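Commentary on secondary and tertiary structure
Spelled out from the first residue to the last, the chains are:
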Amino acid sequence: QVQLVESGGGLVQAGGSLRLSCVASGRTFSSAAMGWFRQAPGKEREFVATIAITWSGGRTYYADSVKGRFTISRDNAKNTVYLQMNSLKPEDTAVYYCAKGAYSGTSMAERDYNVWGQGTQVTVSS
């Protein structure tokens with residue numbers, strides 16, 4: 001049973017940076033796409049970023065709202081996916097979830113992810 005554990009959330013001022021980490025247990029990490037999603041208070045969970053498997057090029061894809069500010073990356077040797085968040089805005093405040101894809105390619109759809117972490121809180125103050 002694969003499990004995902006996120007860390008790195010916290011409180012930061014607008015314009016600051018945070019790096020989220022997600023460590024996966026199990027042997028299937030390198031063969032699956034990984035994604036980050038977020039859910040702000042009173043809103044539905046939304047896609048943030050995704051990265052395909054490394055041997056296919058590790059293609060990445062971002063939501064328009066974070067493009068140019070956030071970077072997703074993966075370290076297969078450490079079974080870890082990262083989300084580097086720069087130039088943070090108050091509207092980035094949310095619980096951020098790591099997810100393991102059911103396939104090797106990128107996807108923005110929650111239905112294409114079959115394992116989810118518990119989430120880590122990111123709060124950006126103005």
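This write-up is about the structure you can find in this document.

Some remarks on the packing of aromatic side chains
Under the defined criterion, the tally for this structure stands at five aromatic pairs. Judged by centre distance (5.7 Å) and plane angle (75 degrees), the rings of Phe37 and Phe47 are edge-to-face. Highlighted residues: Phe37 in strand E4 (residues 34-39) and Phe47 in strand E5 (residues 46-51), separated in sequence by 10 residues. Both residues of the pair, Phe37 and Phe47, count as buried. Ring centres 5.0 Å apart and planes at 55 degrees place the aromatic pair Phe37 and Trp116 in the tilted group. Separated by 79 residues along the polypeptide, Phe37 in strand E4 and Trp116 in strand E10 (residues 113-116) bring together distant segments of the chain. Site record: aromatic cluster; members linked through ring pairs are Phe37, Phe47, Tyr61, Tyr113 and Trp116. If you follow Arg45 out to its NZ or CZ, it ends over the ring of Tyr97, 5.0 Å from the centre.

Points about the nonpolar core
With 33 residues, the main nonpolar core has Trp36, Val81, Leu83, Met85 and Tyr96 as its most contacted residues. Going through the elements one at a time, strand E3 (18-24), E4, E5, strand E7 (70-75), strand E8 (80-85), strand E9 (94-101), E10 and strand E11 (120-125) are the ones with two or more residues in this core.

Structural notes on the side chain of Thr80
When you line up the elements, Thr80 lands in strand E8. A polar side-chain atom of Thr80 sits 2.8 Å from the main-chain carbonyl oxygen of Lys78.

As for the side chain of Arg38
Structurally, Arg38 is set in strand E4. The exposure class assigned to Arg38 is buried, which follows from its relative accessible area of 6%. Within the structure, Arg38 has its side chain in polar contact with the side chain of Asp92 (distance 2.9 Å). Here the side chain of Arg38 touches Tyr96 through a polar contact of 2.9 Å, side chain to side chain.

Reading guide: rules and limits
- Residues numbered from 1 in each chain as written.
- Predicted model: local features only at pLDDT ≥ 70, side-chain atom pairs only at ≥ 80, totals over all residues.
- Heavy atoms only, no water.
- Phe/Tyr/Trp six-rings, centres within 6.5 Å; stacked < 30°, edge-to-face > 60°.
- Helix = DSSP H or I, 4+ residues; strand = E, 2+ residues; numbered from the N terminus.
- Buried < 20%, exposed > 50% of the residue type's maximum accessible area, 1.4 Å probe, protein only.
- Lys NZ or Arg CZ within 6 Å of the ring centre and 35° of its normal.
- Core = buried A, V, L, I, M, F, W, Y, C linked by side-chain atoms within 4.5 Å.
- Polar contact = N/O pair within 3.5 Å; in protein donor to acceptor, adjacent residues only side chain to side chain.

This is a description of form; function is not addressed.
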